[in-house]
There are 2 protein chains.
Amino acid sequence: MTVVNGNHCTIRTSCTDCPLHALEGFRPFTPDQLSFISHFKVGEFTANAGATILVEGAHSAHLFTVLEGWGFRHKVLDDGRRQILNYVLPGSLVGLQGSLLGEMQHSVEALTPMTLCVFERDRIDELFRNHPALAYDVTWIAAREERILDEHLLSIGRRSALERSAYLLAALAERSRVTGQSKTKNGDPVHLPITQVHVADTLGLSVVHTNKTLRKLADRNLIRWLDRGCEVRNVTTLAEVAGWELPEEFGRPFL
Amino acid sequence: MTVVNGNHCTIRTSCTDCPLHALEGFRPFTPDQLSFISHFKVGEFTANAGATILVEGAHSAHLFTVLEGWGFRHKVLDDGRRQILNYVLPGSLVGLQGSLLGEMQHSVEALTPMTLCVFERDRIDELFRNHPALAYDVTWIAAREERILDEHLLSIGRRSALERSAYLLAALAERSRVTGQSKTKNGDPVHLPITQVHVADTLGLSVVHTNKTLRKLADRNLIRWLDRGCEVRNVTTLAEVAGWELPEEFGRPFL
DNA sequence: CGGAGCATTGAGTTTCGTCAAGGGTTGTGG
DNA sequence: CCACAACCCTTGACGAAACTCAATGCTCCG
């Protein structure tokens, strides 16, 4: 496995009481699916914050679902310029591109300590052959990722620095709310485990300019920047600033 | 069907002699798959240049594969700012997001006269249930689209205007070469049916700045701008300017 | 013949990047 | 326990990149 700074463990959490099922956002499995998934899952994997989970160019034999923690997908140019493509949260499927297309063309790094379910790439055929509903779900997940990338592309291409920042933070806060602890209520502030460097590399801006832009949002009391992370205080107004409509998601599938 | 300025026709081309199979880039069907696809295809659809094929917000009952012609996917902000997300060429699957996730969140417009195969969205379940290999292909196609978006995101976020333009034109020329007429050889100039407005809206630049940037590429004799389109004269050097490695694709699936 | 769309160019302005410097916190090793 | 390095956030000054406004010529089409 191409992993830096992480540990490969045996299964700790049984799929039967998968913590993701406790969350509102996700749809449940049928007994049949549950039994297949339990069998499909070959292990569990934990990574420290900062660990590289998948690296560009690798031909990984594995596919992951995030159980706990945050991470991000990114690409780098030869001279070191980095672009963060998207964030991965609990429920995200990681490494699908590598599994289907052969080679990873982006890396995945942990933002916080993470726990991931490990699936074997070779058994994907089995999934498609014997569990069409799950195969459909995989495609669904891929289509959803595509939709998020579409949104992000619109943002980077056509929104101003202020709008972009507002969009990113609103979108992440919303994703966090849905996949996060259910005790977080709609109005409560959400904590995002990212630095301003991450924001800059996500939005295609310099760190300096990002800082000045975030300050404007903080001055309006929409966010507060902490130690090593961002507290989102008003998702609704952020979405308004961005000219973005909050999506409504429910019954979302995962593996 | 939510279509402007197009005609819905009965089937003209039998899947048996699908023109896409004649091209190097695509993989062939098994007889079994071929018979299913022939049955899955419910019609054929032609659109004029400039026609809107799918519109943001629509719940289309259809899914398409491009048989002939070029188009593009795009989103617009309230005030009219437009972002082109990706281009669709022969072999591209159109409308998957709408079919799986419910509602289209982007529009698709024809760039040239187009011909598309029409599939019925409701029969996708059947495809997943009875043809796992085709289901796998659909997912493969979605993962490939995701990869293209990743590249594009890197480009817009972190490449300079010159690099971006070079990347876009090289990538489109390469896609055109693979899906285009097989008589086009590797060294021959490729014609892209786009205007500078399209380039600008793809790269997140203004038309004026796009024009000045393209001029620099033209001055180096890498491209030539024509009437209503771009002639790409040197894909290799363009890719070098962009710091981009030309991908090698073969045996690509499609529906 | 007039209008619409496209490419082109120049001039002035805004946005954003680079450079530079300082302060705070964390973590590590002596 | 302290010194030091590494990382992160912040701010100001300056320069470069990109945008807007404006005007021109061209072709195609009704």
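Given the structure is predicted, the values throughout are model-derived calculations rather than measurements.

Visitor: Could you clarify how one ought to interpret the relation of the copies chain A and chain B in this entry?
Guide: Mapping between the two copies of the chain is achieved by a rotation about an axis and a shift along the axis. After a rotation of 180° and a shift along the axis of 0.0 Å, chain A superposes on chain B with an RMSD of 0.0 Å. Overall, the copies show the geometry of a two-fold rotation axis. When the interface residues of chain A are mapped onto chain B, 100% of them again lie at the interface, so the same face is used by both copies.

Visitor: Which parts of the structure should I look at to understand the pairing of strand 8 (residues 107–110) of chain A?
Guide: In summary, the side chains of a regular strand alternate between the two faces of the sheet. Residues and elements named next belong to chain A. What you see with strand 8 is no split at all: S107 and E109 on one side and V108 and A110 on the other are buried throughout. One ladder, built from two bridges, connects strand 3 (residues 52–54) with strand 8; its direction is antiparallel. Each residue of the ladder has a partner; that of L54, found in strand 8, is V108. Pairing of strand 5 (residues 71–76) with strand 8, which is carried by four bridges, proceeds in the antiparallel orientation. Paired with G71 across the bridge in strand 8 is A110.

Visitor: Honestly, the domain arrangement of chain A in this entry has me stumped. Any pointers?
Guide: In many reports, interface size means the accessible area that the parts give up when they come together. Residues and elements named next belong to chain A. Here the domain parsing of chain A yields domain 1 (6–149) and domain 2 (155–242). Using C-alpha coordinates to define each centre, domain 1 is positioned 24 Å away from domain 2. Each side of the interface is counted separately: domain 1 has 18 residues, and domain 2 has 18 residues. Three residues, W70, R82 and Y87, lead the burial of domain 1 against domain 2; their summed loss comes to 35% of the area buried on that side. Between the two partners, domain 1 and domain 2, sit one salt bridge. Taking the shortest distance from any N to any O, the salt bridge between R82 and D201 comes out at 2.7 Å. At the surface where domain 1 touches domain 2, the tally comes to seven residue pairs in polar contact (both at pLDDT 80 or more). Elements with a contribution of two residues or more to the side of domain 1 that touches domain 2: strand 6 (82–88) and helix 4 (132–158). With six residues, strand 6 is the largest single contributor of residues to the side of domain 1 that touches domain 2.

Visitor: So what exactly am I meant to see when it comes to the protein's contact with DNA strand C here?
Guide: Close to DNA strand C lie 14 residues, the nearest being A:H209, B:Q196, B:N211, B:R215 and B:W225. When the atoms of DNA strand C within 4 Å of the protein are grouped by moiety, sugar and phosphate amount to 68% of the total. Measuring from a phosphate oxygen of DNA strand C, one finds a backbone N or O atom of A:S206 at 3.1 Å. With respect to DNA strand C, the side chain of B:Q196 contributes an N or O atom lying 2.8 Å from a phosphate oxygen. For the surface near DNA strand C, the leading source of residues is helix 7 (residues 207–219) of chain B, giving four residues. The residue makeup of the surface near DNA strand C, split by class, is six nonpolar, six polar and two charged.

Thresholds applied
Residues numbered from 1 in each chain as written. Chains lettered and ligands numbered in written order. Predicted model: local features only at pLDDT ≥ 70, side-chain atom pairs only at ≥ 80, totals over all residues. Heavy atoms only, no water. Least-squares fit on C-alpha atoms with pLDDT ≥ 70 in both. Contact = heavy atoms within 4.5 Å. Buried < 20%, exposed > 50% of the residue type's maximum accessible area, 1.4 Å probe, protein only. Helix = DSSP H or I, 4+ residues; strand = E, 2+ residues; numbered from the N terminus. Pairing = 2+ DSSP bridges. Domains from an automatic or database assignment. Buried area = accessible area lost by both parts, 1.4 Å probe. Salt bridge = Lys/Arg side-chain N within 4 Å of Asp/Glu carboxyl O. Polar contact = N/O pair within 3.5 Å; in protein donor to acceptor, adjacent residues only side chain to side chain. Near = heavy atom within 4 Å. Nonpolar A, V, L, I, M, F, W, Y, C, P; charged D, E, K, R; others polar.

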